[in-house]
Structures are given as structure tokens and as C-alpha cells.
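# Structural characterization, general
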Amino acid sequence: MGPLQPRWTIKSDVSTRPRLRRQVVIKLRRIFKLTRCLPAQSKQSIRSQPIPEPVKGHVQVRVEAAAFNPVDYKVLLSQIYDNYPHPFVQKFPTVLGWDAAGKVTKIGPDVTNFKVGDRVAFLCMPVFDGGKTHGERGAFQQYALADIRLAAKIPGTADYDSASSFPVGGNTAAAALYSQLKFTAPWLAGEGAYKGEKIVILGGSSSVGSYAIQLAALSGFEVITTSSPAHFDYLKSLGASAVIDRSATDVAAQILAAADGPVKYVVDSISLPPTQLFGVEILQPKGSLVLVTRIQPPTKEAADAKEITLLGTVGSAGLYFSEPFWNSIKGLVERGVLKFNRPTVLPGGLRAWEEGFELHRQGKVSGTKLVIRPQETK
Ligand SMILES: NC(=O)c1ccc[n+]([C@@H]2O[C@H](COP(=O)([O-])OP(=O)(O)OC[C@H]3O[C@@H](n4cnc5c(N)ncnc54)[C@H](OP(=O)(O)O)[C@@H]3O)[C@@H](O)[C@H]2O)c1
């Protein structure tokens, strides 16, 4: 039997204390300590709390859309399995959520490059600081503080639902290509610089994969990717030159045919144990493989045998702190060379939190980004 998955019970509880300004946040309470062989129980509750005042380097944002990521449920699993290296959530209750978009409502004391009314998408930092700012930085609330080092302005033509898909997926894709593989970034005069070179992006229909395809294409790469057939046309519209059915029995042979042989670079946007090994298989000796989850021991063994460089975007390595990158997003979207993910909005505002987590946990998200609209919470 595999490891037991957590089971959640939800108890929503709306508090409307009149002296507090109306703001709804989701809090998670771990109601009993878990062992590795017992199912977990946590609960969701909705509460009001004062709107946070922006601090140095931050702006206050009215969150219009918050997107889900696999990391949302994984950080909770990290409380359950004691072999996880990082207990992300160190203090409950907490406010989760890493991806958000909305309008700037106040700016911090030293902020000069954002103003009230700017439309932004931002990467939330809910749990990296050990719990000091849990109530202020998570995406799943109606107002949040955005770190301006991880925020992009978005054009008026972009809707908040789609834009909220960008920060985590786009940032991870950029970290893979320009921080880990060290390509010269398009926003640093590297646009089209890699014409004639090939790269394989495994899992192109994932959020990370779809942003990696677009950025690699902008860099000039010929992009070969994998997905379910339902997404072939979509991924070609993002710039992939070949899309291979990830379930085909001869998927490796098809990739090698499309790439004219083993490739030098693979970004594994999925990084499950089998895709990690598959990445090693299709690489040429001394090639480079970027992973977005922890490197598995069999991957390391197989990579060492081919002298392949393994690179990772886990934890802080997945954060691409680059002002030119975040500043370039609005222009890239306006030019039509960067498209935000296709969103699926779950009705119910913050109350759809559990549904979003479950769909990710069960692997039921395909070629879309799940989004909730905190302001629609009743
Ligand atoms: N290191 C970091 O900083 C970082 C940041 C973000 C995400 N991640 C990790 O990156 C992974 C992807 O995250 P995400 O948000 O992009 O995921 P996502 O959008 O939820 O991924 C869903 C997609 O995964 C595809 N998929 C599932 N299994 C696959 C396989 N074996 N081969 C190819 N495609 C497969 C599905 O493709 P089809 O529907 O086409 O079959 C589906 O479209 C997760 O493990 C996440 O935790 C890491």
C-alpha cells in the first residue's frame, strides 16, 4: 500500500465582528498531530481580520483572483511526512496560496515603481519566513501584501483570472532557463539568441511547462514538448514546434526523431520519478536536465552514468529575483508573445479552497489553471 493521503474536513465559520474592516481569510487549523500511517484532518475556516498595512518593499493589493498550485497541498503534506526536509508551515492557523492578481490599493513607504490603481500579478510568500507574516502574504484572502521584487504589472487587456496563473509557473520557468541553465534572458538582450538550438520541455500543458515553452521560444529555441493529445494545438499556439503524446508507447523515439537525436537540454516540468528518468534517457551524454521537484536517487544514478548535469528549482532556487524579468511581463503580453494560462474559475470564492486542493491532489488538473475569486466570497 502506498502512503496514506490526508483527508480533510471543512468547517467554515464566517465571523463578522463589526469593528473589523470586512476581510475574509482562510485559516487552516491542524486539529491533531499526525503520524505517518494515520489519515490527517485539518479544517478550513473563514474569518475577518484587519487589512494589512504595506511595509517596506511591499504594496497592498485587493486580490481579484488567486490561483492554485500543486505546492498548496504539498506544503501541508510536509507536515505529515516526517521525511520531508522542510516543514513549510510551522505555525497554524495560516493563510496559504502563492499566486494572485489584483489592483494595488496602497503602497509601502519606500515604493516608487508601483502606484495605487496598478493592475498586478504577484508571487505570494506565505510560508517561507517560518510563519511571521502568514496572515498577510498568502493569496487566499481578499487583501494581501505583495513583495515588489516578485510582482509584475499587467496590461488592461489581461483579465485577473488568467494573470493570476503567471507568478509561480512563469517564475519557475524563468528560473529553469535563465538561472539554472544560464541562458541569456530575452529581457537582457537575449531574445532569439538561441536560434538553431533545441530544447525538450516535458509536460508542456502544465502551468510551468506552458510558460517554459513560451520563454524558450522567445529565446529562439526549437521547442519539443509532451502532453495529452487534447492540448496539441494549444501548445503549438504557444510556440512548440512538435508536441508528442506523453502516453504513446514510443514517446522517446518520437522525441528523438523530432529532435534529430538525443538533446542537450531538457526541462522536466513535471519531475515525477518516471519523468525524471525519462529526461535522462533522451539526453545526450553531458547534457543538462532541470527538475522542479527533488532529485530522486535513481535519477542521480542514471544521470551520473551519462555525466549529465542535474539542476533544480526547488525552494529558493525556484525564485527568480530579476527586476528586468518582472518589468518585461506587461510588454511581452501586450506584444502577444506571452500568454497567461487558460483559467478555470471555481465558483464560491474562498469557499472553493478545498475543491481546488482536492483537484490538484488527485491529479485532475489538465491544461488549465484553477482560480478562485476571493471577492466573490459570501
Ligand atoms: N520548484 C518550484 O519552484 C516549482 C514551482 C511550481 C511548480 N513546481 C512543481 O512543478 C510541477 C508542475 O506544477 P504545475 O503547477 O505546472 O502543474 P499543473 O499545471 O497542475 O500540471 C498539470 C499538467 O501536468 C501534466 N502531466 C501530469 N503528469 C504528466 C506526465 N507524466 N508527463 C507529462 N505531463 C504530465 C498534465 O498533462 P496532460 O493533461 O496534458 O496529460 C497536466 O496538464 C509540480 O510537481 C509542482 O509541484 C515546482
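Starting afresh in each chain, residues are numbered from 1 along the sequence in its written order. In view of the model being predicted, local features appear only for residues whose pLDDT reaches at least 70, and side-chain atom pairs are presented and counted only at 80 or more, with totals across whole chains, interfaces and linings using the full set of residues.

Under an unreviewed UniProt entry, the name given to the chain is Chaperonin 10-like protein, and the source organism is Mycena maculata.

With that settled, the discussion passes to the overall build of the chain. Counting secondary structure elements, the chain contains eleven helices and 15 strands. Partly exposed residues are those falling between the two cut-offs: more than 12 but fewer than 20 other C-beta atoms within 10 Å of their own, whereas 20 or more means buried and 12 or fewer means exposed, with C-beta atoms placed from the backbone. When the 378 residues of the chain are sorted by exposure, 48% land in the buried category. Residue pairs in contact within the chain that sit at least 24 positions apart in sequence constitute 69% of those at least 6 positions apart. Think of it this way: any DSSP run of H or I at least four residues long counts as a helix, any run of E at least two long counts as a strand, and we number them from the N terminus. Here, residue contact means that the backbone-derived C-beta atoms of the two residues sit within 7 Å.

Joining buried Ala, Val, Leu, Ile, Met, Phe, Trp, Tyr and Cys residues through C-beta atoms within 7 Å gives a set, and that set is a nonpolar core. Formed by 102 residues in total, the largest nonpolar core has its most connected members in Val-61, Ala-100, Val-120, Phe-122, Ala-212 and Ala-216. Each residue touching Val-61, except ones within four places of it in the same chain, is listed here: Ala-100, Gly-102, Lys-103, Val-104, Thr-105, Val-120, Phe-122, Tyr-143, Ala-144 and Ala-146.

Here the focus is the pairing of strand β13 (residues 309–312). When DSSP finds two or more bridges between two strands, those strands count as paired. Note: strand β12 (residues 283–291) against β13, four bridges, orientation parallel. Across the sheet, the residue bridging to Val-290 is Leu-311, located in β13. Read as a crossover between parallel neighbours, the route from β12 over helix α9 (residues 297–305) to β13 is right-handed. A right-handed crossover is one whose linking path, passing over the helix from the first strand to the second, runs clockwise when the strands point away from the viewer.

So, about the site of the ligand. We count a residue as near a molecule or strand when its backbone-placed C-beta atom lies within 6 Å of that partner. If you check the shell around the ligand, you find 31 residues, and the closest are Gly-203, Ser-206, Ser-228, Gly-318 and Ser-366. For the shell around the ligand, the secondary structure elements donating two or more residues are α1 (70–77), α4 (166–180), α5 (207–218) and β9 (222–227). Looking at the shell around the ligand residue by residue, the class counts come to ten nonpolar, 19 polar and two charged. In the scheme used here, Gly and all other residues not listed as nonpolar or charged are polar, with Ala, Val, Leu, Ile, Met, Phe, Trp, Tyr, Cys and Pro taken as nonpolar and Asp, Glu, Lys and Arg as charged.

Structurally, Phe-325 is set in helix α10 (residues 323–335). Phe-325 sits 140 residues away from Ala-185 along the chain, and the two C-alpha atoms are 8.3 Å apart. When neighbours within four sequence positions are excluded, Phe-325 is seen to be in contact with Ala-174, Ala-185, Trp-187 and Tyr-320.

Turning our eyes to something else, we now look at the pairing of strand β15 (residues 369–372). Remember that side chains alternate between the two faces of the sheet whenever the strand is regular. Of the two faces of β15, the one lined by Lys-369 and Val-371 and the one lined by Leu-370 and Ile-372 are each fully buried. The pairing of strand β3 (residues 58–67) with β15 spans two bridges and is classified as antiparallel. When the sheet's bridge partners are listed, Ala-66 is paired in β15 with Ile-372. As paired strands, strand β14 (residues 343–345) and β15 are joined by three bridges and run parallel to one another. Looking at the pairing, Val-345 lines up with Val-371 of β15. On the question of chirality, the crossover connecting β14 to the parallel β15 by way of helix α11 (residues 353–361) is right-handed.

Lines are fitted to the C-alpha atoms to define the axes, a helix being fitted only along its stretch in contact, and any angle between axes, read from their N-to-C directions, falls within 0 to 180 degrees. The interhelical angle for the contact between α4 and α5, taken along N-to-C directions, is 55°, at an axis separation of 8 Å. With respect to α5, the element α4 is oriented oblique. Pair α4 / α5 crosses with right-handed handedness. Counted together, Gly-169, Gly-170, Thr-172, Ala-173, Ala-174, Ala-176 and Leu-177 of α4 and Ser-207, Val-208, Tyr-211, Ala-212, Leu-215 and Ala-216 of α5 form the full contact between these two elements. Roughly parallel refers to an angle under 35 degrees, roughly antiparallel to one over 145, roughly perpendicular to one between 65 and 115, and oblique to any angle outside these ranges. By definition, any crossing whose near helix is turned counterclockwise from its far helix by less than a right angle is left-handed, and any crossing with a clockwise turn is right-handed.

Glancing now at the environment of Ser-48. Looking at the secondary structure, you find Ser-48 in strand β2 (residues 42–48). Of the residues examined, Ser-48 has 18 C-beta atoms within 10 Å and is grouped as partly exposed.

Moving on, we get to unusual backbone geometry. The phi torsion at Asp-260 lies on the positive side, around 60°, for a residue other than glycine. Take Asp-260: it is sitting in the loop between α7 (251–258) and β11 (263–268). The phi dihedral of Ser-271 falls on the positive side, at around 60°, and the residue is not glycine.

Turning next to helix α8 (residues 273–282). Residues Gln-276, Phe-278, Gly-279, Val-280 and Ile-282 constitute the buried set of α8. In the core, the buried residues of α8 are packed alongside β8 (198–202), α7, β11, β12 and α9.

Read across the sheet, six strands follow the order β10-β9-β8-β11-β12-β13 without closing on themselves; strand pairing throughout is parallel. Each end of this open sheet is capped by a strand with a single partner; those strands are β10 (242–245) and β13. Taken pair by pair, the neighbouring strands of this sheet meet at an average axis angle of 20°, ignoring direction.

We now examine the confidence of the model for the chain. Detailed conclusions should not be drawn from predicted coordinates in areas where pLDDT is low. Confidence in the prediction of the chain, expressed as mean pLDDT, is 86, and 82% of residues score 70 or more. Known as pLDDT, the predictor's confidence for each residue is given on a scale from 0 to 100. Note that residues 80–84 has pLDDT below 50 and, in this model, seven contacts with residues that lie over four places away or in other chains.

With that settled, the discussion passes to the packing of α8 against α9. Between α8 and α9, the shortest axis-to-axis distance is 9 Å and the interhelical angle comes to 5°. By the angle between their directions, the pair α8 and α9 is classed as roughly parallel. Facing Pro-273, Gln-276, Leu-277 and Val-280 of α8, the residues of α9 in contact are Pro-298, Thr-299, Ala-302 and Ala-303. Taken together, the residues of the contact of α8 with α9 sort by class into six nonpolar, two polar and no charged.

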